[in-house]
Amino acid sequence: MRHLAIIGSGPAGYYTAEAALKRWGDDVMVDVFDRLPVPYGLIRSGVAPDHQSIKAVAKRYEAVALSSNVRFIGNVSVGQDISVAELQGLYDAVILATGAPHDRPLDLPGDHLGNVFGSAAFVGWYNGHPQFAALDPDLSGPTAVVIGMGNVALDVARILAKTRAEFAGSDIVGHALDRLDGSRLNHVVILGRRGPHQIAMTPKELGELGHLERACPRVDPADLPDEAEDVLLEPGLRKSVTLLRSFAAIPESYRADKPVEIDFDFFASPRALLGVDGKVTGIEVERTTVEKGRAIGTGETYVVPASLVVCCIGYQTSPIPDVPFDERQGRFANDEGRILSGLYCVGWARRGPSGTIGTNRPDGYSVVEKIAEDQPHQSGKPGPAGFDRLAEHRALKVVRFRDWKKIEEAEQRAAREGAPREKFVDVETMIHAAGKG
Ligand SMILES: Cc1cc2nc3c(=O)[nH]c(=O)nc-3n(C[C@H](O)[C@H](O)[C@H](O)COP(=O)(O)OP(=O)(O)OC[C@H]3O[C@@H](n4cnc5c(N)ncnc54)[C@H](O)[C@@H]3O)c2cc1C
């Protein structure tokens with residue numbers, strides 16, 4: 001029997017488990033670890049709560065998790081409860097699928113000010129990640145500035161702009177729904193260093209901004225390049241730019257009924273965050289021009305008022321003791337998924353934060369092929385039985401998949417009307433619901 005330990009139960013982790021089952025069938029046992037008592041990584045805590053159809057991919061992971069050759073080992077933090085070296089002693093191969101859970105720092109004067117958040121924290125707050133549930137953002141001011149021109153920035157802007165009714169059918173956590181319901185924001189600025197041709201926003205997500213109940217997007221026509229230049233763009237980006245053009249053409253009469261404006265501020269590079277009494281009040285930005293795709297400062301600066309700032313500028317992997325780390329790239333040092341023989345990485349922990357959920361699938365399949373090449377024969381290591389002995393010895397409160405199903409059922413029972421679930425936002429409640437308290 002071949003024994004694999006996959007660390008992280010997000011898309012990359014479960015695609016790797018799926019690939020291992022396809023490759024070795026009943027000749028493999030896979031333990032999928034997660035530091036949380038609940039599985040699925042960013043499917044649960046990143047993907048927007050009003051995008052339930054995307055979250056449905058978890059059903060595919062559940063099918064893998066229910067295989068008798070796969071175990072979920074939740075509530076075990078690798079690097080803390082058990083080391084990578086210990087896992088390597090127990091399993092034939094260890095695959096890190098730990099994602100990139102940390103915000104890339106903005107690194108500007110004033111970034112420590114109150115009501116300035118990274119998107120991992122802010123998204124984690126409205127999605128009920130235990131680490132960020134207590135974030136307590138203040139939405140009583142008029143203007144939110146969202147820094148970044150990707151889909152995460154769109155998610156944050158949309159969530160900030162929606163009415164309570166527009167969250168029907170979503171699994172946004174109650175504390176966030178109530179806070180958003182009392183929000184006084186009437187202006188959301190999406191700020192980016194470069195122009196419309198350099199956005200990383202996909203058409204579906206961008207298009208949603210045009211159909212909000214109380215909010216309307218605004219693009220300054222002067223920021224749009226000559227339309228003839230759009231033909232050079234790849235089709236998806238061309239579609240997104242066409243949407244920006246349609247936003248620029250929205251008549252003022254339509255805006256009259258929309259008290260919340262979502263403003264695209266292109267060619268604006270943040271220079272410093274400004275504040276009063278420790279709390280953010282604005283962002284000083286420098287006007288840029290774009291040359292060969294790069295933003296070049298013009299020296300002209302201005303201040304964008306801001307009562308809330310959310311930085312959506314990317315993520316980094318957390319280092320784990322004794323695992324080679326590429327500081328510059330913010331991910332594990334690896335050669336196409338191989339860190340060392342017997343130690344691998346997949347997904348965001350391997351590539352950094354890019355691509356869609358599906359991009360993680362080929363990662364999983366290719367790493368399984370690498371393992372097969374590196375280790376044509378199993379080593380006779382103890383695998384799950386060895387881990388179980390160690391967990392008992394350390395009195396770890398391991399949450400298995402059947403325990404997660406109890407948590408899931410309790411979350412479903414607690415759901416407000418029309419919602420799929422009310423997520424538990426602290427580990428103790430999860431453990432209690434799992435019957436492990
Ligand atoms: C805000 C946001 C919205 C997104 N929306 C979409 C979308 O709409 N569509 C789309 O296609 N993609 C979307 N993505 C991208 C998608 O979520 C990622 O491609 C995918 O989740 C990456 O998978 P992963 O398994 O590498 O990492 P993750 O999903 O982050 O999973 C990593 C797992 O590892 C666990 N872990 C971390 N450290 C440890 C440790 N030391 N020990 C044990 N466990 C650990 C974590 O708890 C987590 O469960 C979004 C991403 C973000 C941030």
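Residues numbered from 1 in each chain as written. Predicted model: local features only at pLDDT ≥ 70, side-chain atom pairs only at ≥ 80, totals over all residues. Heavy atoms only, no water.

Before we move on, can you summarise the overall build of the protein with the specific residues and values?
Helix and strand counts for the protein come out as 16 helices and 19 strands. Compactness check: the protein gives a C-alpha radius of gyration of 23 Å against a globular reference of 22 Å for 437 residues, within 12% of the reference. Its C-alpha atoms give the protein principal-axis dimensions of roughly 70 × 50 × 40 Å. Every one of the 437 residues in the protein was classed for burial, and the buried ones make up 55%. Taking the intrachain contacts of the protein between residues at least 6 apart in sequence as the baseline, contacts between residues at least 24 apart amount to 75%. With an accessible surface of roughly 18,600 Å², the protein has 51% of that area assigned to carbon and sulfur atoms. Here the protein contributes 50 positive and 59 negative side-chain charges, whose respective centroids are spaced 4 Å apart. (Helix = DSSP H or I, 4+ residues; strand = E, 2+ residues; numbered from the N terminus. Rg over C-alpha atoms; globule rule 2.2 N^0.38 Å. Buried < 20%, exposed > 50% of the residue type's maximum accessible area, 1.4 Å probe, protein only. Contact = heavy atoms within 4.5 Å. Areas by Shrake-Rupley, 256 points an atom, 1.4 Å probe, with all protein chains shown as cover. Lys, Arg positive; Asp, Glu negative; His and termini not counted. Charge placed at Lys NZ, Arg CZ, Asp CG, Glu CD.)

Give a description of unusual backbone geometry that names residues and reports values.
If you check the backbone angles, Asn115 has positive phi at about 65° while not being a glycine. Looking at the element boundaries, Asn115 is found in the loop between strand 5 (102-103) and strand 6 (116-118). Located in the positive-phi region is Glu336, a residue other than glycine, with phi close to 50°. Along the chain, Glu336 turns up in the loop between strand 17 (331-332) and strand 18 (338-340).

How would you explain the pattern of salt bridges if you had to name every residue and give the values?
Evaluation of the coordinates by the stated rule reveals 34 salt bridges. Arg218 is the partner of Glu252 in a salt bridge, and the nearest nitrogen-oxygen pair spans 3.3 Å. In this pair, Glu252 sits in helix 11 (residues 252-255) while Arg218 sits in strand 9 (residues 215-218), placing the two residues 34 residues apart along the sequence. In this structure, Arg218 and Glu261 form a salt bridge, with 2.9 Å as the shortest nitrogen-oxygen distance. On the criterion of sequence distance, the pair formed by Arg218 in strand 9 and Glu261 in strand 10 (residues 260-265) is long-range, its members being 43 residues apart. The exposure class of Arg218 is partly exposed, given its relative accessible area of 25%. Where salt bridges share partners, they join Asp50, Asp155, Arg158, Lys162, Lys204 and Glu208 into one cluster. (Salt bridge = Lys/Arg side-chain N within 4 Å of Asp/Glu carboxyl O.)

Quick one: what's the story with the site of the ligand, residue by residue and with numbers?
Ala12, Asp34, Leu42, Trp348 and Ile357 are the nearest of the 28 residues found near the ligand. Measuring from a nitrogen atom of the ligand, one finds a backbone N or O atom of Val78 at 2.9 Å. For the ligand, an oxygen atom lies 3.5 Å from a polar atom in the backbone of Ala97. Compared with its free state, where it exposes 1,000 Å², the ligand has 90% of that area covered by protein. When residues of the shell around the ligand are traced back to their parent elements, those giving at least two are helix 1 (11-24) and helix 7 (151-161). (Near = heavy atom within 4 Å. Polar contact = N/O pair within 3.5 Å; in protein donor to acceptor, adjacent residues only side chain to side chain.)

Account for the sheet that holds strand 13 (residues 294-305), with residues named and values stated.
Across a sheet, strands are paired by hydrogen bonds formed along the backbone, either parallel or antiparallel in direction. Spatially, the 3 strands line up as an open sheet ordered 11-12-13, and their pairing is antiparallel. Every interior strand has two partners, whereas the edge strands, strand 11 (268-276) and strand 13, have only one. Direction aside, the axes of adjacent strands within the sheet are offset by 20° on average. As judged from the 9 bridges shared by strand 12 (residues 279-291) and strand 13, these two strands associate in the antiparallel manner. Residue pairing in the sheet places Val285 in a bridge with Tyr302 of strand 13. (Pairing = 2+ DSSP bridges. Axes fitted to C-alpha atoms, helices over the stretch in contact; angles between N-to-C directions.)

Lay out the packing of helix 6 (residues 119-126) against helix 7 with the relevant residues and their values.
Viewed as axis vectors pointing N to C, helix 6 and helix 7 meet at an angle of 45°, and their least axial separation amounts to 11 Å. Relative to helix 7, the element helix 6 is oriented oblique. Here helix 6 runs over helix 7; the crossing is left-handed. Seen from helix 6, the contacting residues are Ser119, Phe122, Val123 and Tyr126; seen from helix 7, they are Val152, Asp155, Val156, Ile159 and Leu160. Per-class residue counts for the contact of helix 6 with helix 7 are 7 nonpolar, 1 polar and 1 charged. (Parallel < 35°, antiparallel > 145°, perpendicular 65-115°, else oblique. Left-handed = near helix turned anticlockwise from the far one by under 90°. Nonpolar A, V, L, I, M, F, W, Y, C, P; charged D, E, K, R; others polar.)

Could you give an account of the environment of Gly282, with specific residues and numbers?
Here Gly282 shows up in strand 12. For the pair Gly282 and Pro305, spaced 23 residues apart in sequence, the C-alpha to C-alpha distance is 4.0 Å. With near-sequence residues (within four places) excluded, Gly282 lies in contact with Ala272, Leu273, Leu274, Val303, Val304, Pro305 and Ala306.

Please provide a residue-by-residue account of the pairing of strand 4 (residues 93-96), values included.
Both faces of strand 4 are covered, namely the face carrying Ala93 and Ile95 and the face carrying Val94 and Leu96. Of the strand pairs in this sheet, strand 1 (residues 2-7) and strand 4 are connected by 4 bridges, and their pairing is parallel. From the neighbouring strand, Ile6 faces strand 4, where its bridge partner is Ile95. Direction of pairing for strand 4 relative to strand 19 (residues 343-345): parallel, over a ladder of 3 bridges. Among the inter-strand pairings, Ile95 is bridged to a residue of strand 19, identified as Tyr344.

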